Amino acid sequence: MTLPSEAVERVREDVCALHTELLRWNLVTWTSGNISARVPDADLIVIKPSGVTYEDLTPESMVVCDLDGTVVDGRHSPSSDTGAHAYVYRAMPEVGGVVHTHSPYATAWAARNEPIPCALTAMADEFGSDIPVGPFALIGGDEIGKGVVSTLTGHRSPAVLMRSHGVFTIGDTPKAAVKAAVMCEDVARTVHLACERGPVERLPQEHIDALYDRYQNAYGQK
Ligand SMILES: O=C(CO)[C@@H](O)[C@H](O)COP(=O)(O)O
């Protein structure tokens, strides 16, 4: 297969750099977690190598796979979650990036099999709903991907708490998926702290809808 080498190099650099954001926001420990991105206009993805410490990641160490998760270029074995990421890209053509973390507060909700209730304006802005829990699935193969897709299809939330495992987020770009992972941990922590002080009420649906609409369509620089 002839690779679109300039596009692949750009995505390798982008995916490598984004992994530093997982460290910066304390979303990962040791070698846990991974990011992938779709190569524009090609049936290819770029993903983290498996079990390589974050400090040792380089653009060259990123692994290029096809949409079945088969390695087409790279010196390393790809992430153990490659089958899951590849399944998401096959099933959701609008997705350009996928992120997986074990960020502690969000993963605590996943361990309890509890969705995070949409009880904050920041949560309504970004997620437009509760953050759902997806089914338990063993690591390897595409079972995790199936759970991510079945939970997030038709859902506003770009984040799913995979039961007893951790967070998977999607975005139209890998940066958007990283942002969703950062925001997921932030709201998981705040709602957890609130729950420690007593019952927490979900926002009324009409307020969630209004907040989501404003943030998605009017917030920031247009
Ligand atoms: O939880 C898992 C496996 O789903 C991962 O987060 C691993 O902890 C990191 O795996 P590699 O991406 O390094 O293979």
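Residues numbered from 1 in each chain as written. Predicted model: local features only at pLDDT ≥ 70, side-chain atom pairs only at ≥ 80, totals over all residues. Heavy atoms only, no water.

Q: Sorry, what's going on with helix 1 (residues 5-24) here?
A: Because each turn of an α-helix spans 3.6 residues, side chains separated by three or four positions in sequence point in the same direction. Counted at 1.5 Å a residue, the expected span for helix 1 with its 20 residues is 28 Å, and the 29 Å between its end C-alpha atoms agrees. Burial in helix 1 covers these residues: Ala-7, Val-8, Val-11, Arg-12, Val-15, Cys-16, Leu-18, His-19 and Leu-22. In an axial view of helix 1, the angular spread of the buried residues amounts to 165 degrees, which keeps them on one side of the axis. Facing away from the buried side of helix 1, by more than 90 degrees, are the exposed residues Glu-6, Arg-10 and Arg-24. Summarising the contacts, the buried residues of helix 1 are in contact with strand 1 (34-38), strand 2 (44-47), strand 3 (63-66), strand 4 (71-73), strand 5 (97-101) and helix 6 (174-196). Looking one or two residues beyond helix 1, the residue adopting positive phi is Asn-26, at roughly 55 degrees. (Helix = DSSP H or I, 4+ residues; strand = E, 2+ residues; numbered from the N terminus. Expected span 1.5 Å × (residues − 1). Buried < 20%, exposed > 50% of the residue type's maximum accessible area, 1.4 Å probe, protein only. Arc of directions from axis to C-beta. Contact = heavy atoms within 4.5 Å.)

Q: Any chance you could explain the sheet that holds strand 1 here in plain terms?
A: Ordered in space as 4-3-2-1-5-8-7-6, the eight strands form an open sheet in which the pairing is mixed. Among the strands making up the open sheet, the edge pair consists of strand 4 and strand 6 (133-134). By the bridge criterion, two bridges tie strand 6 to strand 7 (residues 159-162) in an arrangement that is parallel. Counted as the bridge partner of Val-133 is Leu-161 from strand 7. (Pairing = 2+ DSSP bridges.)

Q: Got a minute to help me understand the UniProt feature "domain: Class II aldolase/adducin N-terminal" (unreviewed entry) in the chain in this structure?
A: Mapped onto this numbering, the UniProt entry annotates "domain: Class II aldolase/adducin N-terminal" (unreviewed entry) at residues 13-192. Secondary structure across residues 13-192 divides into 37% helix and 18% strand, with the first and last C-alpha atoms of the span separated by 35 Å. (UniProt positions renumbered as here; feature names shortened; annotations may be inferred.)

Q: Got a minute to help me understand the site of the ligand in this structure?
A: Surveying the vicinity of the ligand reveals 14 residues, the closest of which are Ser-50, Ser-79, Ser-80, Asp-81 and His-102. Contact between the ligand and Asn-34: an oxygen atom at 2.9 Å from a side-chain N or O atom of the residue. Gly-51 is positioned such that a nitrogen or oxygen atom in its backbone is 2.8 Å from an oxygen atom of the ligand. Taken by itself the ligand offers 370 Å² of open surface, and the protein chains cover 89% of this. Grouping the constituent residues of the shell around the ligand by class yields one nonpolar, 11 polar and two charged. (Near = heavy atom within 4 Å. Polar contact = N/O pair within 3.5 Å; in protein donor to acceptor, adjacent residues only side chain to side chain. Areas by Shrake-Rupley, 256 points an atom, 1.4 Å probe, with all protein chains shown as cover. Nonpolar A, V, L, I, M, F, W, Y, C, P; charged D, E, K, R; others polar.)

Q: Help me understand the packing of helix 1 against helix 6 in this model?
A: The relative placement of two packed helices is expressed as an angle between their axes plus a distance between the axes. Relative orientation of the contacting elements helix 1 and helix 6 amounts to 15 degrees, with a least axis distance of 10 Å. What the angle tells us is that helix 1 and helix 6 run roughly parallel. The hand of the helix 1/helix 6 crossing is right-handed. Packed against helix 1, whose contacting residues are Asp-14, Leu-18 and Glu-21, the element helix 6 presents Pro-174, Lys-175 and Val-178 at the interface. Residues of the contact of helix 1 with helix 6, tallied by class, amount to three nonpolar, no polar and three charged. (Axes fitted to C-alpha atoms, helices over the stretch in contact; angles between N-to-C directions. Parallel < 35°, antiparallel > 145°, perpendicular 65-115°, else oblique. Left-handed = near helix turned anticlockwise from the far one by under 90°.)

Q: When you look at the environment of Cys-195 in this model, what are you seeing that I'm missing?
A: Tracing the backbone through its elements, the reader meets Cys-195 in helix 6. Sequence separation between Cys-195 and Gly-74 is 121 residues; the distance between their C-alpha atoms is 46 Å. What Cys-195 contacts, discounting residues up to four positions off in sequence, is Trp-109 and Val-200.

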